[in-house]
Amino acid sequence: QYERRSGVQTTRNHPSMREPVTSPRAPSLVKGVMRHKVLIMGVGVVIMALLEWHSEMISTVAKNSPAAHALFQRQPQAGFNASSSNNYSHQEGGGGGEIPGLHYMTEYWNYTDPPLRDHMPQGFHTWRASDLKICETSKGGPEGRRITCDIDPNCIKCIKDEYVKRVEAVNAGFDDEQNKAKRHKKIRKWFPNQSTIVLIATNSNFLHFALNFECASRARQFNVSDKLLIIATDSEAYNLASKRGMQVIQPSLYNIPEPLVSHFLDSMVAVTAAAADLTSMGYNVVIMDADVVWLRSPLWMLEHPKLWAMDMHFQVAPRWDAQGVANTGFIIAKATLKTRHFLRTLLRIAYLYFYARDDQVVWNTLLRHWTFAQLHWQTLPRQLNEHKGKPGGGRFVDLHTTNGSDGTGTWIDNGTFIVHAVSRHKEHKFNVTGNWFLQGKSQTCSAECDVGPKAKCSAL
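Caption draft 1: View of the layout of surface pockets. Its volume calculated, the largest pocket comes out at about 710 Å³. Phe264, Asp289, Asp291, His420 and Lys426 are, among the 30 residues lining the largest pocket, the residues nearest its centre. Of all the secondary-structure elements, those providing two or more residues to the lining of the largest pocket are strand E3 (196–202), helix H13 (263–280) and strand E9 (326–333). By residue class, the composition of the lining of the largest pocket is eight nonpolar, 13 polar and nine charged.

What follows is the structure in structure tokens.
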């Protein structure tokens, strides 16, 4: 019909199958368009106005919808200036104090706004272990180090009964109102005004790493002593930490009796219980292994208005198996409703820690589970791409080399936030990278650290 009206004959139906053949009637079409251009432009303006009105109507309906209320009632954070020294100017990079490698939202929002903080998708809740069928659903994921049990979709029949009963007792104690009141009274007394708690579990063999973390933080002038909570998994660690004036609890507060089956695995159960407890009280929690040192405080991520959508941040684990990319040696968990439900569910299946002989594979298996697909989490940048293969560029560094002076150790620079001495030779790695702050075997900060809050301390 177009060809018949316009007089244009295309190569599709022209016998020559070459160039289009134009009839003398073609100019009349151009004249017709020019004659009615005002009318055409007017129709276009009307259509654009109708589209704009339609968009506003959809937005209005959405804003008045209870389900979408939290997503539309955010207010920009008053007075936020990313370049201001009072906010996030200590961060590096462009875009007003942002780190390459992190996912930021496009606008600034006030995370403390109640509709946003307490927003939770419909159907998002704490799950019973029997409903997860986690050993069955994990078959669809990575195979290496996968949690499996051919006779039970929940793995319980494949786990020693004593481990299952041990974790069931922890969950019963967690929900017991009398125990809860006792825990919360102690925690509120220790942390009356803090919004964030740094949580470390350790025994007497690794307590000196937690002490080194405290000394390093003091030396670098972002003292976290008033935010630090130690879970001591033996009496020696408890007594020493208490003598130093640290806030310290024992696993028995979460119904984990002594003697411990495994200092590591029992402590991971206690950390999970404590993190679930603290977030339920409204505290943000930084969950850490003892072998971590901060070079710069990462706590700004809990308040950054362009990271409001993130429930949790994890140090990255450079691996591809079922143990996963989320390194549980360093976790930043916001006290959102989604985080609370995730941690409470994780505690219910914490018997898998004993089955897998590891906590990280259980964390990652649950993070991949479809029930928590709406949980917002991201890994933290390990090394900036522009520094790949070159010294520097490390941000949340895991020291894998045995001596710490080459490989990942060379990534550390003035932009590094944390250093995590994974695997063996931890103390030596900290020493050769300038991150050891304890004085000899006395397990006290070196003399320069104890002079005063403004004193600087160098690693021994």
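What follows picks up the thread again.
Caption draft 2: Representation of the nonpolar core in the model. If you look at the biggest cluster of nonpolar residues, it comprises 59 residues, and the most contacted ones within it are Leu199, Met312, Phe342, Tyr353, Val362 and Trp363. Looking at this core, the element that brings in the most residues is H13, giving ten residues. Those residues in contact with Leu199 that sit more than four places away from it in its chain are Leu229, Ile231, Val271, Ala274, Ala275, Leu278, Val285, Val286, Ile287 and Met288. Residues Ala232, Val248, Phe330 and Phe417 belong to the second largest nonpolar core, which totals 48 residues.

Caption draft 3: Region of interest: the sheet that holds strand E4 (residues 228–232). Strand order in the open sheet made by the seven strands is E5-E4-E3-E6-E9-E8-E10, with mixed pairing throughout. What marks the edges here is a single partner per strand, and that holds for strand E5 (247–249) and strand E10 (377–380). Recorded for the sheet is a direction-independent mean angle of 30° between the axes of neighbouring strands. Examined bridge by bridge, E4 and E5 share three bridges and lie parallel to one another. Of the residues in E5, the one forming a bridge with Ile230 is Val248. Against the sheet, helix H11 (residues 207–219) engages E3, E4 and strand E6 (284–288), with an angle of about 150° to E3. Relative to the sheet, helix H12 (residues 235–243) contacts E3, E4 and E5, its axis offset from that of E5 by approximately 160°.

Caption draft 4: Quick peek at the packing of H13 against helix H14 (residues 337–348). The interhelical angle for the contact between H13 and H14, taken along N-to-C directions, is 150°, at an axis separation of 9 Å. The angle between the axes of H13 and H14 places the two elements in the roughly antiparallel class. Two packed elements cross with a definite hand, and for H13 against H14 that hand is left-handed. Contacts between H13 and H14 involve Val269, Thr272, Ala273, Ala275, Ala276, Thr279 and Ser280 from the former and Thr339, Arg340, Leu343, Arg344, Leu346 and Leu347 from the latter. A breakdown of the residues in the contact of H13 with H14 according to their chemical character gives seven nonpolar, four polar and two charged.

Caption draft 5: Local environment of a nonpolar patch on the surface. Residues Leu39, Val43, Ile47, Met48 and Leu51 make up a contiguous nonpolar surface patch of about 510 Å² in total accessible area. By the secondary structure assignment, Ile47 is in helix H3 (residues 37–63).

Rules used throughout
- Residues numbered from 1 in each chain as written.
- Predicted model: local features only at pLDDT ≥ 70, side-chain atom pairs only at ≥ 80, totals over all residues.
- Heavy atoms only, no water.
- 1 Å grid on protein atoms, 1.4 Å probe; cavity = no way out; pocket = protein on both sides within 12 Å on 5 of 7 lines; lining within 4 Å.
- Points joined across faces, edges and corners; volume = space filled by probe spheres on them.
- Helix = DSSP H or I, 4+ residues; strand = E, 2+ residues; numbered from the N terminus.
- Nonpolar A, V, L, I, M, F, W, Y, C, P; charged D, E, K, R; others polar.
- Core = buried A, V, L, I, M, F, W, Y, C linked by side-chain atoms within 4.5 Å.
- Buried < 20%, exposed > 50% of the residue type's maximum accessible area, 1.4 Å probe, protein only.
- Contact = heavy atoms within 4.5 Å.
- Pairing = 2+ DSSP bridges.
- Axes fitted to C-alpha atoms, helices over the stretch in contact; angles between N-to-C directions.
- Parallel < 35°, antiparallel > 145°, perpendicular 65-115°, else oblique.
- Left-handed = near helix turned anticlockwise from the far one by under 90°.
- Patch = residues over 30% accessible without salt bridge, like charges linked within 9 Å, V, L, I, M, F, W, Y side chains within 5 Å.
- Areas by Shrake-Rupley, 256 points an atom, 1.4 Å probe, with all protein chains shown as cover.
- Salt bridge = Lys/Arg side-chain N within 4 Å of Asp/Glu carboxyl O.

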